[in-house]
Amino acid sequence: MEKATVLVIGGGATGVGILRDLAMRGVDVMLLEMRDMVHGTSSRYHGLLHSGGRYAVKDADAGRECIEENTILRKIGRHCVEATEGYFVRLPEDDPAYEKEWVEACKKINLPAIQIDTAEAWHLEPNLTHRAQAVYRVPDAAIDGFRMAWQNIDSAKRYGGRVKTYTEVVKIHSVNGQVTTVTVRDYFTKQQYDIACEFIVNAAGPWAGQVAACANIPVHVQPDRGTLVAFNHRLTSRVINRLHKSSDGDIFVPHGSITI
Ligand SMILES: Cc1cc2nc3c(=O)[nH]c(=O)nc-3n(C[C@H](O)[C@H](O)[C@H](O)COP(=O)(O)OP(=O)(O)OC[C@H]3O[C@@H](n4cnc5c(N)ncnc54)[C@H](O)[C@@H]3O)c2cc1C
């Protein structure tokens, strides 16, 4: 029977990051992904490397984490990041009191939000509305989730990490509360077999509840797909955020020749 000290279930951004981290620490680790890598949310997202501006007011901890991780990812995944920078733009109908609150919140989480002249913003972003009342520059960026995942996998493999794709976990076995084996199903042959392990990391994103159920553990997950609109051209060079309480459809992220 194949063995690994740790089995990571799920080959999205979370799973591949954990795979690399554990492999670099010398842990015997194997990742199991039921389809191909980044089959889940991590290939169907906005691709915004958040500066933290979106969360500064409503969730300072998340905002702080964003700016810290943003700085790290620019260093360790430079070729996956397009350093576009971003603008937060207030329109006449947006509450000026929120702008003040947002500026203070950005200071508290050490996010450099620098106000720039609207004329300069229009010069640099000709498609930006001339109704803009205030514009702030933040270190937002565009990130390529596919490249980032493959970089993590390549690196993990160099440290001895192993990956099995098209391998779905269907049952988790334990004895006295200690996990012992998982049963997996090969997507192509439909054959089932066991892999021995000591620890499991459930990195199955929206499927986390189903994976937990394989070990008879209730985890309530209410998945929500969300909707993204892709424009077939690049509207702006920078990420454009609306400076109001974060809501739906209020960010443009440029990616290569398109905008999401
Ligand atoms: C519409 C939308 C836009 C977003 N935009 C952004 C953004 O701009 N910036 C940002 O930072 N975040 C964004 N997010 C959030 C981000 O995409 C997610 O937080 C992230 O992708 C989650 O990654 P994950 O690895 O946890 O889950 P996933 O990427 O969903 O990975 C889970 C993996 O587990 C696998 N799996 C499931 N069950 C099993 C099983 N039984 N056996 C083996 N494998 C299994 C799946 O196939 C899948 O590949 C967005 C999310 C959504 C929905």
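Residues numbered from 1 in each chain as written. Predicted model: local features only at pLDDT ≥ 70, side-chain atom pairs only at ≥ 80, totals over all residues. Heavy atoms only, no water.

Domain parsing of the protein chain yields domain 1 (2-43 + 146-213) and domain 2 (60-141 + 227-259). One C-alpha centre belongs to domain 1, the other to domain 2, and the line joining them spans 34 Å. Between domain 1 and domain 2 lies a buried interface of about 430 Å² when both sides are counted; carbon and sulfur atoms form 61% of it. A per-residue breakdown of the area domain 1 buries against domain 2 is headed by Arg147, Met148 and Gln151, which together make up 89% of the total. There are zero salt bridges connecting domain 1 and domain 2. Broken down by element, the residue count for the side of domain 1 that touches domain 2 peaks at three residues, all from helix α5 (residues 145-158). Split into classes, the residues belonging to the side of domain 1 that touches domain 2 amount to one nonpolar, one polar and two charged. (Domains from an automatic or database assignment. Buried area = accessible area lost by both parts, 1.4 Å probe. Salt bridge = Lys/Arg side-chain N within 4 Å of Asp/Glu carboxyl O. Helix = DSSP H or I, 4+ residues; strand = E, 2+ residues; numbered from the N terminus. Nonpolar A, V, L, I, M, F, W, Y, C, P; charged D, E, K, R; others polar.)

As a further point, take the site of the ligand. Among the 29 residues in the neighbourhood of the ligand, the closest are listed as Thr14, Glu33, His39, Thr41 and Ser42. With respect to the ligand, the side chain of serine 42 contributes an N or O atom lying 2.5 Å from an oxygen atom. In the complex, the protein chains occlude 79% of the 1,000 Å² of accessible area that the ligand would expose alone. When contributions to the shell around the ligand are tallied by element, the ones reaching two or more residues are α1 (13-24) and β10 (167-175). Counting residues per element, the shell around the ligand draws most heavily on β10, which supplies three residues. Class assignment for the residues of the shell around the ligand results in 13 nonpolar, 13 polar and three charged. (Near = heavy atom within 4 Å. Polar contact = N/O pair within 3.5 Å; in protein donor to acceptor, adjacent residues only side chain to side chain. Areas by Shrake-Rupley, 256 points an atom, 1.4 Å probe, with all protein chains shown as cover.)

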